[in-house]
Amino acid sequence: YLNVNSSNFSSYGSEKTGTPVKGFIRFAKPEKEIRVHFPVMEPDLLVVFHQALLQDETVLKGCGKDTAVIVALEPGQETIKNFNQDNYAACYGLNAQQIAMETHSRINVVMLGAMLKVMGLDSIEAGKKICEDTLGKKYPDALKSNIDGMSRGFEELKKFLLKTSIHCISA
């Protein structure tokens, strides 16, 4: 779909006590085998499913001027609270939970749509194909709502203007 080789894994802490659950995905050219299976130390893209997670300093550890950051915002919110976006390559936000509730989808697929946009895809077609092949086989009744959520995540992602501005523009 994306014509890449990929590898993923998750790292679980004590999520019941508020420790972030981290998921890592590595992409490489199709001919390159991915042989490393440890946490990504300097991510190109960080996706934060709830802005409260930014209070934990370890969430942003390893991120810098080459890292794009996507943060799920609260409805009506125009900026990320207590976050110096000038330290990163680009910062994006969207009301992922609200979109998920309105489309009866999962926040994961809404954020996947946003990720595809930041990764430079021109359309959501690759994401739709991924959903059809994974969700469609196991949960066919949930397919349409999740594709709708992913499409809205792709379309409604907003890029923060850097420096002192608090306004968003469409990504």
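Residues numbered from 1 in each chain as written. Predicted model: local features only at pLDDT ≥ 70, side-chain atom pairs only at ≥ 80, totals over all residues. Heavy atoms only, no water.

Enquirer: Quick rundown of the overall build of the chain? Include the residues and the values.
Expert: Scanning the chain for helices and strands turns up 4 helices and 7 strands. When its helices and strands are written in sequence order, the chain yields β-β-β-β-β-α-α-α-α-β-β. Taken across its 171 residues, the chain has 36% of its residues classed as buried. Once local pairs closer than 6 in sequence are excluded, the contacts in the chain between residues at least 24 apart make up 49%. When the accessible area of the chain is evaluated, it comes to approximately 10600 Å², of which 51% is carbon and sulfur surface. (Helix = DSSP H or I, 4+ residues; strand = E, 2+ residues; numbered from the N terminus. Buried < 20%, exposed > 50% of the residue type's maximum accessible area, 1.4 Å probe, protein only. Contact = heavy atoms within 4.5 Å. Areas by Shrake-Rupley, 256 points an atom, 1.4 Å probe, with all protein chains shown as cover.)

Enquirer: Would you mind going over the pairing of strand E4 (residues 68-72) in detail, with residue names and values included?
Expert: Most of E4 is tucked away: 5 of the 5 residues are buried. Inspection of the sheet shows strand E3 (residues 45-48) paired to E4 by 4 bridges, in the parallel sense. Residue leucine 46 lies in a different strand from E4, and its bridge partner there is valine 69. Where E4 meets strand E5 (residues 90-94), 5 bridges bridge the pair, whose relative direction is parallel. Among the inter-strand pairings, alanine 72 is bridged to a residue of E5, identified as leucine 94. (Pairing = 2+ DSSP bridges.)

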